[in-house]
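Fold and geometry: a report
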Amino acid sequence: MRKLNFKNRIFIILFCIIIVGIIGLLIFAARKSSDKVESLYTVTSNTVLFGTENNLLDTKLGGAIEKSWSGDYYYNTPDQKTYLLGKKTIIFEKLSEDVTILGGNYQILSDGSVVENGDIMSVSSSKASNFYKIADREYLIVANEIYTQDKSIYVNKYLIVYLDVQGNASILNDAVNIKTINPITLMFGDYSFDVANEKLVYKEKTIDLKQVEGSTNQYTPSTYEKKPELNDEEFIDKYNKLVNNFDQYVDNHALNTGGNNQASITNNNIVINGGSSSDSGSTTENNTPIYKKVSLRGTISYPTYIDVTYMVTDPNNSYQSVYLLVVGDVDGTPTTQKILLDKYATTYRITGLTPSSEYTISLGYVEVYINSKKEKELIDNIEDVINVRTAKIDARIDIEKISNGYVYYNFKMSNAYAFESAFISLYIDGQKETMTEVDCQKALSSSGFSDRFKIDEGTVYELVIEYAKYNGNDVNVNINRKFSY
């Protein structure tokens, strides 16, 4: 056998060292990419925590918040569940009433100066009012009381404010979750926050928040055009034709049209499906401007209904009717529904909706106006439009264990959206293998409904809720759990 000389042995040794080094780097990189190496915050049952879609997370089991190598924060529970929180997150502790911001922020001081804070910052809500810019079009207010001037919104301790690019605001904490379509101003301490314009006012000083790291807000103020008003008996026929004609609002001809609202005159009052508005009897133009306005103040979403808050200012009974148009899936059918509102109320609940679905809600009004030729015209105008998504169903499938060729699972749901009946099916590689009926009473209990399926060879395994019934109707729900075996 030929012997290796010294030079060849050196080359072989160096080659082996390089190979070992490469393997070590690959192992290190793999661990670095899979591990959440930095545990930052301990979560208890009194911790308020929001997920990436602003949904309130269940923290009753406690757990920890950790930061991955990519900069994202995760909430890990003791039962091995992981929730993505994003690159920034806000935490509220109910007992201490402290607010913690993870991921950096900018504190706006009363003199207009800006303090850049690090990755972890805590502040007590019981102390002086504080204001933070978290990210582009995202803000946090920490104060004992936070409210609008008319007190239609009133919260305590803290409030998270998100703006879309049109300047519409979503405001939330653990007590409220409201999306607004009209500009609002939030008051706290000696501050006022003009949300749509992103301006913070402290006493007489105005601070332009767009100057702090910029803004993609495209909001532009709109003007309200005042028109002369007139109530008169002859508009009734035109009104009945107008309020029942939805063609101008329905782009998809497959939509069904809901609502049949007729008007008539009784004792000099205009009566609309049992409601009425007084006839002023005026036949001349108004020389004195009278402030009137309808506005959609906000919405709160639930799985099967949306609460709408609106305001009608009509001192001279100018509006013949005020209504909502709802476009979306209503009672399981794509529908455009017109709903007449009570001018003297401020809230309405839209029911029969589908969870996790998009709806377009418009607020409109009908009035009579005198044109330049002094002729009466019927005006039907849409004042506000907002897109809203209903909340997700609070239900989930958990894998308890996989043992001896069986998968053991647990299914829970809440009273907010409780199925009357449902089945859970096992799919292997996209093919249904078996299914069993859910005991819905057990699924509503704290322990949930537990059962097992025998599993065969396969690659992709999934448990799926199917054939669910809610309020006597078949409903399609997206509740599933994939697992490996």
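The next point concerns the nonpolar core. Ranked by internal contacts, the top residues of the largest apolar core, which has 28 residues, are Phe-411, Phe-419, Val-438, Ile-465 and Ile-479. When contributions to this core are tallied by element, the ones reaching two or more residues are strand S31 (395-403), strand S32 (406-413), strand S33 (421-428), helix H3 (440-444), strand S35 (449-454) and strand S36 (461-470). Leave out the neighbours within four places in its chain, and Ile-479 touches Ile-393, Ala-395, Arg-396, Ile-397, Phe-411, Phe-419, Leu-463, Val-464 and Ile-465. In terms of nonpolar packing, the next biggest core, distinct from the first, is built from 26 residues, Ile-141, Ala-143, Leu-159 and Phe-188 among them.

The next thing to look at is the sheet that holds S31. Whenever strands of a sheet pair, they do so through backbone hydrogen bonds, lying parallel or antiparallel. The three strands lie next to each other as S31-S32-S35, forming an open sheet whose pairing is antiparallel. Each having just a single partner strand, S31 and S35 make up the two edges of the open sheet. In this sheet, adjacent strand axes meet at a mean angle of 25° when their direction is disregarded. Here S32 pairs with S35 via six bridges, running antiparallel. Residue pairing in the sheet places Asn-410 in a bridge with Ser-450 of S35.

Despite not being glycine, Arg-137 has its phi angle at roughly 65°, a positive value. Assignment of secondary structure puts Arg-137 in the loop between strand S11 (130-135) and strand S12 (138-148). In this structure, Asp-429 takes a positive phi of about 50° despite not being glycine. Mapped onto the secondary structure, Asp-429 falls in the loop between S33 and strand S34 (431-437).

Turning our attention to a negative patch on the surface. A surface patch of negative charge is lined by Asp-429, Glu-433, Asp-456 and Glu-457. By secondary structure assignment, the location of Asp-456 is in the loop between S35 and S36.

A complete count under the given rule lists 15 salt bridges for this structure. For Arg-396, the salt bridge identified is with Asp-398, shortest N-O distance 3.1 Å. According to the relative accessible area criterion, Arg-396 is partly exposed, its value standing at 27%. Bridged by salt links that share partners, the residues Asp-79, Lys-81, Arg-396, Asp-398 and Arg-481 form one connected network.

Each value, and the rule that gives it
- Residues numbered from 1 in each chain as written.
- Predicted model: local features only at pLDDT ≥ 70, side-chain atom pairs only at ≥ 80, totals over all residues.
- Heavy atoms only, no water.
- Core = buried A, V, L, I, M, F, W, Y, C linked by side-chain atoms within 4.5 Å.
- Buried < 20%, exposed > 50% of the residue type's maximum accessible area, 1.4 Å probe, protein only.
- Helix = DSSP H or I, 4+ residues; strand = E, 2+ residues; numbered from the N terminus.
- Contact = heavy atoms within 4.5 Å.
- Pairing = 2+ DSSP bridges.
- Axes fitted to C-alpha atoms, helices over the stretch in contact; angles between N-to-C directions.
- Patch = residues over 30% accessible without salt bridge, like charges linked within 9 Å, V, L, I, M, F, W, Y side chains within 5 Å.
- Areas by Shrake-Rupley, 256 points an atom, 1.4 Å probe, with all protein chains shown as cover.
- Salt bridge = Lys/Arg side-chain N within 4 Å of Asp/Glu carboxyl O.
- Lys, Arg positive; Asp, Glu negative; His and termini not counted.
- Charge placed at Lys NZ, Arg CZ, Asp CG, Glu CD.

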